[in-house]
Amino acid sequence: MALNRKIAYIDLSTGKIEVRPIPLEVRKKFLGGRGLDAYLLYNHTEKGCDPLGPDNTLMVSGGILSATLASASARFHMMAKSPLGGLLGSANGGGFFAPELAWAGFHHLVIKGKASEPVYLWIHNGHIEIRDATHIWGKTVPDTQWAIREELGDEDIKSLVIGPAGENLVRFANVMTGIKNSGGRTGMGAVMGSKNLKAIAARGTMDIKIAHPKEALDFNKRFIEQITTAKVNQTQGTLGTPFIWGATNSWGGIRTRNFQYNQMLYCDEIEPEAIDDNCAETIGPYHMAGCFGCQVHCRAQYKIPSGPYAGRYDEGPEYTSQGAFCGEPDVASLEHLLAGNHLVDQWGLDNLETGSLISWAMELYELGILTDKETDGLDLRFGNGDAMLEMIRRICFREGWLGNVLADGGIIASEKIGKNSFDYLIQVKGVSNLHSDERATPALALNIATASRGSDHLRSRPAIDLYHLPEEVLRKIYSSPVPYDGPLSSEHTEYIGKPWQVFWQENCYMGVDCLGICKYHTTFLGATLPNFEDWSKVLYYNTGLELSPRDIWDVAVRANMVERLFNLREGLTREDLKKGDMLNHRYFDEPTRRGAPDVVGTVIDREKFKKMIDEFYEYKGLDQNGVPKPETLKRLGLDKEPSHLL
Amino acid sequence: MEPMGKVLQIDFEKCTGCRLCELVCSVFHDGVSNAARSRIKVIKWESEGVYIPMACQQCQDAPCMIICPTNAIYRDEELNRVMVNQDKCIGCRSCVAVCPFGAMNFNVIDRKVFKCDFCDGDPQCVRFCDVKAVEYVEADRVSISKTRTAAEKITTAQKQALALESELP
């Protein structure tokens, strides 16, 4: 059964591997996936360790519901100290790796040390082997996976791998599986590269006993109906995430020219319908692919129609790629979007961070802070798509002065570039913002400012805040499983009630990340999708574990607090621009220039933002410096951390 | 009694490759999640994005049935399926070797052969496939969707030909 999946401790320096069960008491406190990873990180890393040194500990996991009937129980999770911001590193991805890891007998891996030569892990039905990887070092993301299958003679092997970017220690290199599924953020690929760990290959045929098979099947059927009847998922299953682009851009929520505008002009060419029309060789009537067990199938399949990569197959491009390779650098070109997306998929780079940093460099170049000397003659003005593609290559292979500097991420790059370059860097905790512009949406601004892994839209974003839902609908969602009778506002430009929404979403997303379910199956883009009530049932039918909706909420609050404790130990302070819950000054000082009437001309109000943070801290049980109060830690059972239960 | 000549109709163009069919198959039959126990398997060409679900065709002249040395394999006419009598099966795997579709499987955990049995008339792969890449239809209706597609092509061609003719001087 799911509860007997093991944890393995792997020391790459000594080659020692130890396998242990996961005690039930730990399951009840942290479930699995990201929640348990956070506990392991706090317990297995020393304060101030070098993120790219052997002492950094890398966690790899599937959720507690991996491979079970929980609709899209496909997510893997990785955690370590981040080489990008120096705080919490955390990345989550779909595909087929996590179920295979569970069938191979494991839910959690704790990887320490550094191998003397390139290696990969081979995990097969309860056994783990460290194997030589010198012959696959240097290979692209897909080629690495195919080479491992060929070497081990099994085409069903699923691998988590790094590409050249991770090998070259690019601080925002990602970890990938399949064609495009990525644990994208905070440089987990660089951590693997620093350990000489090229891949983790899994294959398993071990039974996972389902506690109540008939009920689990019936409930999954109902789950799927709830998920596929949501309009948002139907659209997503036809067009992929780029369906969000048109609406967001029209009201003025797309960061353009780094942060100069909040809307991209003349960009019909990169709309999903245009992508479909132009990529004639799409496959089948759906031309969409799904991750394990998922009926949303949001991965668009395409072949690049023209240009230097014509004929190549890839998946995406996601909404994030549209922003990173079109909006932010102001490149309204389908060919460059598809090529950029393809390059990061081949080489293993976080598309979001890559495009954001290049766009930042473009603004610095136009301001004269960067010159032809630093760019080695590359004309890095906004709109130059070819220069953007060339910069992706230089970053991945650390070529040229600027390529090498940007590969170290925004904070280190800003110190090397000097002058006032940092003022233009759109980041929180050293991690670049998504291409969304949050100046007109206080809830979203609060979300990115306080997200545990640095600026991020998948940690606590109340995306449904943009739908102007009636207050009673909001209240129904946000007052369960814990009561809330404070204010709520349907207005996305308001500050009222938003801290509670962000707090609620933070726990909702931690919930799915512990279970190993995708966020498209919960209250993220759709207001009618499952959350705590349904998870309680699905957890019981599949694993036999009886946790109430409130119990799962408590797990999420606890796990979020452990992430907070880790960040505080590594130097988080409330208003620090590099390590705090703080936004770039431009959010407060530069009004938006485009968009809908209630959006144009807005900034985030500094005082109101401060009050939102105060209120948010209150809900979390933190003092006004963002440090947990002693009674909060006691209530969550965290007053004796690190407790080394595992 | 209504005729029960149903078969699995697989439309590989619709398959998104999610493998939910494999999961529900193993849970329904064995109460466990384990793709290795699934009677249906999605074969993939990942670098081209092609996914093809493969399962037993319940052949009329089933090679597995012919080769079986102990007559453990028989035809259940009521549900139009080929079944394995586990009491007679000696586990020689001859049936696995001759199946042209690779749809007869050998389970290394229980050391037994196993195959699709239509879940006794309610195939779970069909029940859960939201995109309808797998459907459970009367055998004589399988060809009708292809007939219609072909007919559509002919009418389209005729319309185009007429349009061309009308443009002639």
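Rules and cut-offs
Residues numbered from 1 in each chain as written. Chains lettered and ligands numbered in written order. Predicted model: local features only at pLDDT ≥ 70, side-chain atom pairs only at ≥ 80, totals over all residues. Helix = DSSP H or I, 4+ residues; strand = E, 2+ residues; numbered from the N terminus. Expected span 1.5 Å × (residues − 1). Buried ≥ 20, exposed ≤ 12 C-beta atoms within 10 Å, placed from the backbone. Contact = placed C-beta atoms within 7 Å. Domains from an automatic or database assignment.

S.K.: Can you tell me about helix H19 (residues 498-515) of chain A, naming the residues and giving the values?
M.R.: Residues and elements named next belong to chain A. The end-to-end C-alpha distance of H19 is 26 Å, a good match for the 26 Å that 18 residues give at a rise of 1.5 Å each. The element H19 is extensively covered by neighbouring structure, given that 18 of its 18 residues are classed as buried. Looking one or two places after H19, you find Gly516, whose phi comes out positive at around 90 degrees.

S.K.: An account of helix H20 (residues 532-543) of chain A is needed here, citing residue identities and associated values.
M.R.: Residue and element names in this part refer to chain A. Here H20 is 12 residues long and its end C-alpha atoms lie 16 Å apart, about the 16 Å a rise of 1.5 Å per residue gives. If you follow the buried residues of H20, they end up packed against helix H7 (213-228), H19 and helix H21 (549-569). Phi turns positive, to about 85 degrees, at Gly544, one or two residues after H20.

S.K.: Describe the domain arrangement of chain A, with residues and values.
M.R.: Residues and elements named next belong to chain A. Taken domain by domain, chain A consists of domain 1 (2-203), domain 2 (230-432) and domain 3 (442-635). Centre-to-centre, using C-alpha coordinates, domain 1 lies 26 Å away from domain 2. With 33 residues of domain 1 at the interface, the matching set in domain 2 holds 30 residues. Among the elements that take part in the side of domain 1 that touches domain 2, helix H5 (residues 164-167) stands out by supplying three residues, more than any other.

S.K.: I'd like a rundown of unusual backbone geometry, residues and numbers included.
M.R.: Most of the time, phi is negative for any residue but glycine, and the peptide bond is trans. Residues and elements named next belong to chain A. In this chain, Gly316 is followed by Pro317 through a cis amide linkage whose omega measures -15 degrees. Checked against the element boundaries, Pro317 lands in the loop between strand E16 (313-315) and helix H11 (319-327). For the bond from Ser480 to Pro481, the omega torsion is 5 degrees, close enough to zero to count as cis. Its place among the elements puts Pro481 in the loop between helix H18 (471-478) and H19. Phi at His468 takes a positive value of approximately 55 degrees, unusual for a residue other than glycine.

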